[in-house]
Amino acid sequence: MASHYEAPIRRPLVTGEKSYHDVTVDVARPVEGKANRAWWIVFSIALVAFLWGIGCIIYTVSTGIGVWGLNKTVNWAWDITNFVWWVGIGHAGTLISAVLLLFRQKWRMAINRSAEAMTIFSVVQAGLFPIIHMGRPWLAYWVLPIPNQFGSLWVNFNSPLLWDVFAISTYLSVSLVFWWTGLLPDFAMLRDRAVRPFQKKIYALVSFGWSGRAKDWQRFEEVSLVLAGLATPLVLSVHTIVSFDFATSVIPGWHTTIFPPYFVAGAVFSGFAMVNTLLIIMRKVCNLEDYITVQHIELMNIVIMITGSIVGVAYITELFIAWYSGVEYEQYAFLNRATGPYWWAYWAMMSCNVFSPQFMWFKKLRTSIMFSFFISIVVNIGMWFERFVIIVTSLHRDYLPSSWSMFSPTFVDIGIFIGTIGFFFVLFLLYSRTFPVIAQAEVKTILKSSGERYKNIRERGESLVGTGADIRTSNPVEFKSMSTTKPAELSSNKDEKLNSLFEGIGKFDAATQSADDLKTINGIGPKMEEVLNSIGIYTFLQVSKMTKKEYDLLDSITGSFPGRAERDDWSGQAKNLLNN
């Protein structure tokens, strides 16, 4: 009991009376069951946005970059803004996975999987913009040092744009390996629960032969720590190198040494906001409120509040350095941001990034799901405006007033950006239907210390010995009664369960009813039909009346394939067969 002790003052990270089997069933349900209405609504909206974006990309490639709003003065604008925004969003995944793992934070268990997936999908969106901006993406191989009739044409290794390529590709590779390594136990769980042979083969392939032996877990822990150690410097280096795209230039507003830490803080800030947005949606769509709790949302809001304050200090420091430098061009760049033609973008940035996170000081607000969802969207809008302000307002008025210009996005600019948001959500929603959204193996490691069920057992002063057993999977019996239990008692116990079962579903009357072919129901084979017939279940009508109570009784009576009836929704299938 001491090994699972946790201070009573700590709130449970897994709410509800969840056993180990419950965690497995709840995490596997979105993958094994059918998508609900909420999932289809969100997926349809995302798919429409994605298809619109594809149309705009095809139009851009077929017509030329002239369909964008770029001009000779503002030659970087919407595309690079979106690129930096997406790279920034991808930061929180590695932070949650690597840094919080190294600090042994238990609350990361329920959110790390989605955060890692978000990292990969957002980096994919970021990578699209440099490719599209080439204008002729089919000639992308020209940037590679391929030998030709003029000799090898090497890229400029002194350019931060090239550093970007190496940094982001390394970041994507390590994040992908980290994500997949964590998925291995969950893939094995889905493999063992799979009913269809094709699914079983696919999950067996992607689980790399995971068997759950002690040696597997030892290697899993070692590899996770090594990857966390490799990934932690990447959290700092990737957005630092992205900031060098601007900081190594001599343009007023860009040429500043504060950019690396400022960009890193902003990336963590926007990344956590996007994780909040996704998890608040996923906990509703996938019915995971017991695992992604209000406490998880509150802790992420605290990180948003802290990083938002750091970003605010960076904004003030920028203004101070511009004033203290005595360089009139630098001073004008910042004055132009706040009072020039793009003043609205600057103040939108300040309002969203500096002022809105300060509401999180109030516990009532940071524990409100709807308010947290609203603020997470506001923060990401503000972080997009930050990149827009840095890029466009620094370029549109340069040293020569005759070349001053304004930038306005075209419908193609806007369409491609909305398309990438749609693509991101399409990928994330498809991932939620094929991969476990929550790391069930890791959640189980904290269940006895942070699960509400086990906290209640400890508070009652009872022992935790044997509490991990589940009647649906292991049919536990009391040790003291094992030697005294008589066959007659076991028989009467089974009769009681059968009576309770038939109270809910009704008995089969051979004189007035005819038996149905139960094998028509997906999940019932010849052997299972024999078992059901042996206990008195013959018709679709009986099966259609099953609820959670009857499913549990059936599992305890038969002891065959626990959880299958509920997982395959026998009741729903039987109702459809009756209606047809």
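The structure presented is a predicted model; accordingly, all values stated were derived computationally and were not measured. (Residues numbered from 1 in each chain as written. Predicted model: local features only at pLDDT ≥ 70, side-chain atom pairs only at ≥ 80, totals over all residues. Heavy atoms only, no water.)

### Examining the side chain of E116
Move 1: Topologically, E116 is positioned in helix 5 (residues 112-133).
Move 2: It is R113 that comes nearest to the buried, bridge-free E116 among opposite-charge side chains, at 4.4 Å.
Move 3: With residues near it in sequence (within four places) discarded, E116 still touches G93, S97, F178 and W179. (Helix = DSSP H or I, 4+ residues; strand = E, 2+ residues; numbered from the N terminus. Buried < 20%, exposed > 50% of the residue type's maximum accessible area, 1.4 Å probe, protein only. Lys, Arg positive; Asp, Glu negative; His and termini not counted. Salt bridge = Lys/Arg side-chain N within 4 Å of Asp/Glu carboxyl O. Contact = heavy atoms within 4.5 Å.)

### Remarks on helix 10 (residues 294-325)
Move 1: Between its terminal C-alpha atoms helix 10 stretches 46 Å, which fits the 46 Å expected from 32 residues at 1.5 Å a residue.
Move 2: Downstream of helix 10 by one or two residues, G326 has phi in the positive range, about 75 degrees. (Expected span 1.5 Å × (residues − 1).)

### Looking at the nonpolar core
Move 1: Counting residues in each nonpolar core, the largest one holds 129 residues, and the members touching the most others are F246 and F272.
Move 2: At 16 residues, helix 9 (residues 259-285) tops the list of elements feeding residues into this core.
Move 3: With residues up to four places along the chain from it excluded, the contact list for F246 reads W76, I80, V84, W254, H255, F259, F263 and I391.
Move 4: Counting residues in hydrophobic clusters, the runner-up holds 21 residues, among them L498, L532, F540 and Y551. (Core = buried A, V, L, I, M, F, W, Y, C linked by side-chain atoms within 4.5 Å.)

### Focus on the packing of aromatic side chains
Move 1: Under the counting rule described, the total for this entry stands at 53 aromatic pairs.
Move 2: When the ring of W78 is compared with that of F417, the centres are 6.3 Å apart and the planes differ by 85 degrees; the resulting orientation is edge-to-face. Here F417 lies in helix 15 (residues 411-434) and W78 lies in helix 3 (residues 78-89), a separation of 339 residues in the sequence.
Move 3: Overall, F417 belongs to the buried group, its relative accessible area being 12%.
Move 4: Between W384 and F388 the ring centres are 5.4 Å apart and the planes differ by 15 degrees, which places this aromatic pair in the stacked class. Of the two residues, W384 and F388 are both situated in helix 14 (residues 369-395); the distance of four residues between them amounts to about one turn of the helix.
Move 5: Look at F388 and you get buried, because its relative accessible area is 3%.
Move 6: Lying across the ring of F334, R337 places its NZ or CZ 4.6 Å from the centre. (Phe/Tyr/Trp six-rings, centres within 6.5 Å; stacked < 30°, edge-to-face > 60°. Lys NZ or Arg CZ within 6 Å of the ring centre and 35° of its normal.)

Any link to function would need more than the numbers given here.
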